[in-house]
Amino acid sequence: MHVLEGASRGCVDVHPLTVRVTHWINAVAILMMVTSGWRIYDASPLFDFVFPREITLGGWLGGALQWHFAAMWLLAVNGIVYLAFGIGSRHFARKLLPIGPRAILNDVLAALRGRLAHDDLSVYNAAQRAAYLALIALGALLVASGLAIWKPVQLQGLASLMGGYEGARVIHFAAMTMLALIVLVHILMVVFVPRTLPTMITGRVRHPS
Ligand code: HEM
């Protein structure tokens, strides 16, 4: 946490520029991946339901595949920049760690009772840390299972780790579902604590002097 000098005196830097830019590119890429993915799923459903056409992207299977592959590059390149920055600058070590099951449980229970404080926006609580780490892990699993579905012959080793082509499809779908649910809760938390939103845009918050 840095208190800024000069014109920005009284403000605290909360989110580095790289984190903000990659976060918003990621949000757009995930939205395109998930909605085009639903259209691709509808062409050959794994389960006994399909997604309503109105909430899918691409119009038809071919269009949805083009959206999915275009957004895949955006997600992959952006994800590599975010991960490299997060590890290299120790952003992950400082903001997402340490974390333990007891702290997560306490914070989740407090959140459910509406008693989870988030006064200091420069520090993530344990529930946030767990959610963000889960989103990063699910993103990696989605990319790995997606590669196994895309190139099941060339990437046989990866595909067989996931139970083959069909297994990779189930893992890809399950990871998407978990990611979508966590993102839903993530957005709800932003609605409950709206002052976190401008901070994720400008990177700063006024210091409570
Ligand atoms: C409209 C959609 C979204 C909104 C409004 C939003 C908003 C925010 C805000 C306000 C924060 C900072 C929270 C705080 O300071 O307490 C944040 C952090 C974060 N969000 Fe989102 N988010 C959205 C979508 C997503 C998506 C789709 C993902 C990933 C799949 C995601 C992953 C993250 C992660 C990992 C962080 C922590 C970033 C870091 O410090 O490294 N968000 N988001």
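Just so it is clear, the model here is predicted, and its values are computed rather than measured.

Engineer: Whenever I open this one, the site of the ligand confuses me. Can you help?
Structural biologist: Near the ligand you find 21 residues, and of these His-23, Tyr-82, His-118, Tyr-124 and His-186 are the closest. The separation between a nitrogen atom of the ligand and a polar side-chain atom of His-23 is 2.8 Å. One nitrogen or oxygen atom from the side chain of Gln-128 is found 2.8 Å from an oxygen atom belonging to the ligand. If one sorts the elements of the shell around the ligand by residue count, helix 1 (residues 17-43) sits on top with six residues. By residue class, the composition of the shell around the ligand is 13 nonpolar, eight polar and no charged. For the shell around the ligand, the two domains that each supply at least three residues are domain 1 (17-87) and domain 2 (96-209).

Engineer: Hey, could you run me through the confidence of the model for the chain in this one?
Structural biologist: Detailed reading of the predicted coordinates is not advisable wherever pLDDT is low. Across the chain, the average pLDDT comes to 93, with 95% of residues at or above 70. Here residues 1-7 scores under 50 on pLDDT; set against residues more than four positions off or in separate chains, the count is 14 contacts.

Engineer: What is the right way to look at the coordination of the iron atom of the ligand in this model?
Structural biologist: Taken together, the protein donors to the iron atom of the ligand comprise His-23 (NE2) and His-186 (NE2), at separations of 2.0 Å. Here the iron atom of the ligand binds six donor atoms, and the angle range of 85 to 180° at the metal identifies the geometry as octahedral. With His-23 in helix 1 and His-186 in helix 7 (residues 164-192), the pair connects residues that are 163 residues apart, well separated along the chain.

Engineer: Could you clarify how one ought to interpret helix 5 (residues 126-150) in this entry?
Structural biologist: With 25 residues, helix 5 should reach 36 Å at 1.5 Å per residue; the first-to-last C-alpha distance of 36 Å fits that figure. Listed in full, the buried residues belonging to helix 5 are Ala-126, Ala-127, Gln-128, Arg-129, Tyr-132, Leu-135, Leu-138, Leu-142, Ser-145 and Ala-148.

Engineer: Explain the packing of helix 1 against helix 2 (residues 61-88) to me, please; I cannot follow it from the model alone.
Structural biologist: The description of two helices packed together rests on the angle between their axes and the distance between the axes. Packing of helix 1 against helix 2 brings their axes to within 8 Å, and their N-to-C directions diverge by 150°. One way to sum up the angle between helix 1 and helix 2 is to call them roughly antiparallel. For the pair helix 1 and helix 2, the crossing hand works out as left-handed. Here the residues of the contact of helix 1 with helix 2 are counted per class, giving 19 nonpolar, seven polar and one charged.

Parameters and conventions
Residues numbered from 1 in each chain as written. Predicted model: local features only at pLDDT ≥ 70, side-chain atom pairs only at ≥ 80, totals over all residues. Heavy atoms only, no water. Near = heavy atom within 4 Å. Polar contact = N/O pair within 3.5 Å; in protein donor to acceptor, adjacent residues only side chain to side chain. Helix = DSSP H or I, 4+ residues; strand = E, 2+ residues; numbered from the N terminus. Nonpolar A, V, L, I, M, F, W, Y, C, P; charged D, E, K, R; others polar. Domains from an automatic or database assignment. pLDDT = per-residue confidence, 0-100. Contact = heavy atoms within 4.5 Å. Donors = N, O, S within 2.8 Å, 3.2 Å for Na, K, Ca; no water. Tetrahedral: all angles 85-135°; square planar, octahedral: opposite > 155°, others 65-115°. Expected span 1.5 Å × (residues − 1). Buried < 20%, exposed > 50% of the residue type's maximum accessible area, 1.4 Å probe, protein only. Axes fitted to C-alpha atoms, helices over the stretch in contact; angles between N-to-C directions. Parallel < 35°, antiparallel > 145°, perpendicular 65-115°, else oblique. Left-handed = near helix turned anticlockwise from the far one by under 90°.

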